[in-house]
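One-letter residues, chain by chain:
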Amino acid sequence: MTNKSLVVSLAAVLLMGTTAVVAANSAVTANSQMEQLQALKNYGYTHINELEWDDHRPQLEVEGWLADNWFAEVTFQGAGAAAEVKHERKESKIVQPWGLTLAQVEQVMQQANSQGMAVFEEISIDDSGRIEIEGDNANGRELELRFHIREL
């Protein structure tokens, strides 16, 4: 085998390995992550400050507000509306709830998806209304997008 054919063979093996990794992770998509939002609605969230998805399993960590000014940090395990609560911490706050409504979270995800984001890692909003979205495009390349709540 010549050096050239060895290089071509190695490149083919590496490419197949990369394709297999992308295919293995393709079960996690923006659509499947949007379906997880139903669990937040079922739990009673009214405003979301931060969403963070686990890279390796269907797990979603959420910080935000429930009715009656309760702030909750909850970890959901599983997918869609059937996701189960794995961890929760709640505390009553005197301040007014703020953040993104679930409808606004969906809008942010749709806008980011239209700009090429195929998988979400994190969505957060600060108290001035700046929204940051981190994730990957369909090729696994990292993307960071920024919006302001006024742009929704």
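Small disclaimer: the values here were computed from a predicted structure and weren't measured.

Remarks on the overall build of the chain
Here is step 1 of the chain: Regarding its fold elements, the chain presents four helices and seven strands.
Here is step 2 of the chain: Beginning at the N terminus, the succession of helices and strands in the chain can be written as α-α-α-β-β-β-β-α-β-β-β.
Here is step 3 of the chain: The proportion of buried residues among the 152 residues of the chain is 32%.
Here is step 4 of the chain: Sequence separation of 24 or more characterises 42% of the internal contacts of the chain that already satisfy a separation of 6 or more.
Here is step 5 of the chain: Accessible surface, the chain: about 9300 Å² in total, of which carbon and sulfur atoms supply 52%.

Points about the side chain of Gln 36
Here is step 1 of the chain: Within the secondary structure, Gln 36 is located in the loop between α2 (30-35) and α3 (37-43).
Here is step 2 of the chain: Polar contacts involving the side chain of Gln 36 include one to the side chain of Trp 53, which spans 2.5 Å.
Here is step 3 of the chain: Leaving out residues up to four positions away in the same chain, Gln 36 has contacts with Trp 53, Pro 58, Gln 59, Leu 60, Gly 78, Ala 79 and Gly 80.

Considerations on the environment of Ala 72
Here is step 1 of the chain: The residue Ala 72 is located in strand β3 (residues 70-77) in this model.
Here is step 2 of the chain: Once the C-alpha coordinates of Ala 72 and Lys 90 are considered, the two residues, 18 residues apart in sequence, prove to be 4.3 Å apart.
Here is step 3 of the chain: Apart from the residues lying within four places of it in its own chain, the contact partners of Ala 72 are Tyr 45, Val 62, Glu 63, Gly 64, Leu 66, Arg 89 and Lys 90.

Regarding the side chain of Asp 136
Here is step 1 of the chain: Along the chain, Asp 136 falls in strand β6 (residues 130-136).
Here is step 2 of the chain: No salt bridge is formed by the buried Asp 136, whose closest oppositely charged neighbour, Arg 141, lies at an N-O distance of 9.1 Å.
Here is step 3 of the chain: Ignoring anything within four residues of it in the chain, the contact list for Asp 136 reads Gly 116, Met 117, Ala 118, Val 119, Glu 121, Arg 141, Glu 142 and Leu 143.

Here we look at the packing of aromatic side chains
Both the distance between ring centres and the angle between the ring planes are used here to describe each pair of aromatic rings.
Here is step 1 of the chain: Within the structure shown, the criterion is met by four aromatic pairs.
Here is step 2 of the chain: Arranged with centres 5.7 Å apart and planes meeting at 90°, the rings of Tyr 43 and Phe 76 form a pair that is edge-to-face. On the criterion of sequence distance, the pair formed by Tyr 43 in helix α3 and Phe 76 in strand β3 is long-range, its members being 33 residues apart.
Here is step 3 of the chain: Geometrically, the ring pair formed by Trp 53 and Phe 120 is tilted, given 6.0 Å between the ring centres and 40° between the ring planes. Remark: Phe 120 occurs in strand β5 (residues 119-125) and Trp 53 occurs in strand β1 (residues 45-53); sequence separation between them is 67 residues. Residue Trp 53 shares its accessibility class with Phe 120, and that shared class is buried.
Here is step 4 of the chain: One aromatic cluster is present, formed by Tyr 43, Tyr 45 and Phe 76 through successive ring pairs.

Concerning unusual backbone geometry
Here is step 1 of the chain: With a phi angle near 60°, Asp 68 is a residue other than glycine that sits in the positive phi range.
Here is step 2 of the chain: When you line up the elements, Asp 68 lands in the loop between β2 (59-66) and β3.
Here is step 3 of the chain: Using a relative accessible area of 68% as the deciding quantity, one classes Asp 68 as exposed.
Here is step 4 of the chain: Located in the positive-phi region is Asn 69, a residue other than glycine, with phi close to 60°.
Here is step 5 of the chain: You can see Asn 69 is positioned in the loop between β2 and β3.

Things to note about the pairing of strand β7 (residues 142-148)
Here is step 1 of the chain: Note that β6 and β7 share seven bridges and pair antiparallel. Following the sheet pairing, Ile 131 is matched in β7 by Phe 147.

Reading the values: the criteria
- Residues numbered from 1 in each chain as written.
- Predicted model: local features only at pLDDT ≥ 70, side-chain atom pairs only at ≥ 80, totals over all residues.
- Heavy atoms only, no water.
- Helix = DSSP H or I, 4+ residues; strand = E, 2+ residues; numbered from the N terminus.
- Buried < 20%, exposed > 50% of the residue type's maximum accessible area, 1.4 Å probe, protein only.
- Contact = heavy atoms within 4.5 Å.
- Areas by Shrake-Rupley, 256 points an atom, 1.4 Å probe, with all protein chains shown as cover.
- Polar contact = N/O pair within 3.5 Å; in protein donor to acceptor, adjacent residues only side chain to side chain.
- Lys, Arg positive; Asp, Glu negative; His and termini not counted.
- Salt bridge = Lys/Arg side-chain N within 4 Å of Asp/Glu carboxyl O.
- Phe/Tyr/Trp six-rings, centres within 6.5 Å; stacked < 30°, edge-to-face > 60°.
- Pairing = 2+ DSSP bridges.

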